[in-house]
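The chain contents come next:
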Amino acid sequence: MAYRHRPKYDDSVTDRLIGARAQYDREVAEHEERVAKTRRDWSAELASAIESGMSYEEIVQLVNVSHSSVARAMREFRKNAPTN
């Protein structure tokens, strides 16, 4: 097996890579926190539409989402719905 010559790198390369990953993880977590309420509201509206008698197909056509997106939102709504 032939080994390709690799240039040497110093600790600054690994430090930057680790720092970039930490920043990425932080910002993704912040983004998820910001959109969590909107996702819950979206799921609740989909559930309300289904309970009102709309079919998945009508929802798909009306708001331009896939059937799987509607099903996923419904699962999330049921998972997060308070139990009485």
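Details of the structure are given in the entry above.
Residues numbered from 1 in each chain as written. Predicted model: local features only at pLDDT ≥ 70, side-chain atom pairs only at ≥ 80, totals over all residues. Heavy atoms only, no water.

**A look at the overall build of the protein**
A tally of regular secondary structure across the protein gives three helices and zero strands. Reading the protein from its N terminus to its C terminus gives the helix and strand order α-α-α. Relative to its length of 84 residues, the protein is extended, with a C-alpha radius of gyration of 22 Å against a globular reference of 12 Å. Oriented by its inertia axes, the alpha-carbon framework of the protein measures out at about 65 × 35 × 25 Å. (Helix = DSSP H or I, 4+ residues; strand = E, 2+ residues; numbered from the N terminus. Rg over C-alpha atoms; globule rule 2.2 N^0.38 Å.)

**Thoughts on the environment of Met54**
Looking at where Met54 falls in the secondary structure, it is placed in the loop between α1 (11-51) and α2 (56-63). Residue classification places Met54 among the partly exposed positions, given a relative accessible area of 28%. Ignoring any residue separated from it by four or fewer positions in sequence, one finds Met54 in contact with Ala49, Ile59 and Leu62. (Buried < 20%, exposed > 50% of the residue type's maximum accessible area, 1.4 Å probe, protein only. Contact = heavy atoms within 4.5 Å.)

**Focus on the side chain of Ser43**
Here Ser43 lies in helix α1. Residue class for Ser43 comes out buried when judged on its relative accessible area of 5%. In this structure Ser43 touches Ala73, Glu76 and Phe77, once residues within four positions along its chain are discounted.

**Some remarks on the packing of α1 against α2**
Each pair of packed helices can be described by the angle between their axes along with the distance between the axes. Between α1 and α2, whose axes approach to 10 Å, the crossing angle comes to 130 degrees. In terms of their interaxial angle, α1 and α2 are classed as oblique. As α1 packs across α2, the resulting crossing turns out to be right-handed. Between α1 and α2, the contacting residues are Trp42, Leu46, Ala49 and Ile50 on the first element and Tyr56, Ile59 and Val63 on the second. Its residues assigned to classes, the contact of α1 with α2 shows seven nonpolar, no polar and no charged. (Axes fitted to C-alpha atoms, helices over the stretch in contact; angles between N-to-C directions. Parallel < 35°, antiparallel > 145°, perpendicular 65-115°, else oblique. Left-handed = near helix turned anticlockwise from the far one by under 90°. Nonpolar A, V, L, I, M, F, W, Y, C, P; charged D, E, K, R; others polar.)

**Details of α1**
The end-to-end C-alpha distance of α1 is 58 Å, a good match for the 60 Å that 41 residues give at a rise of 1.5 Å each. The sharpest bend along α1 measures roughly 40 degrees and falls at Val35. Turning to α1, its buried residues are Ser43, Leu46, Ala47 and Ala49. Here the buried face of α1 lies against α2 and α3 (67-80). Just beyond α1, the residue with positive phi is Gly53, at close to 110 degrees. (Expected span 1.5 Å × (residues − 1). Bend = angle between axes of the 7 residues up to and from the residue.)

**Let's talk about a nonpolar patch on the surface**
Where nonpolar side chains cluster on the molecular surface, the patch consists of Trp42, Leu62 and Val63 and spans about 300 Å² of accessible area. A relative accessible area of 37% means that Trp42 is categorised as partly exposed. (Patch = residues over 30% accessible without salt bridge, like charges linked within 9 Å, V, L, I, M, F, W, Y side chains within 5 Å. Areas by Shrake-Rupley, 256 points an atom, 1.4 Å probe, with all protein chains shown as cover. Salt bridge = Lys/Arg side-chain N within 4 Å of Asp/Glu carboxyl O.)

All quantities given are derived from atomic positions and should not be read as evidence of function.
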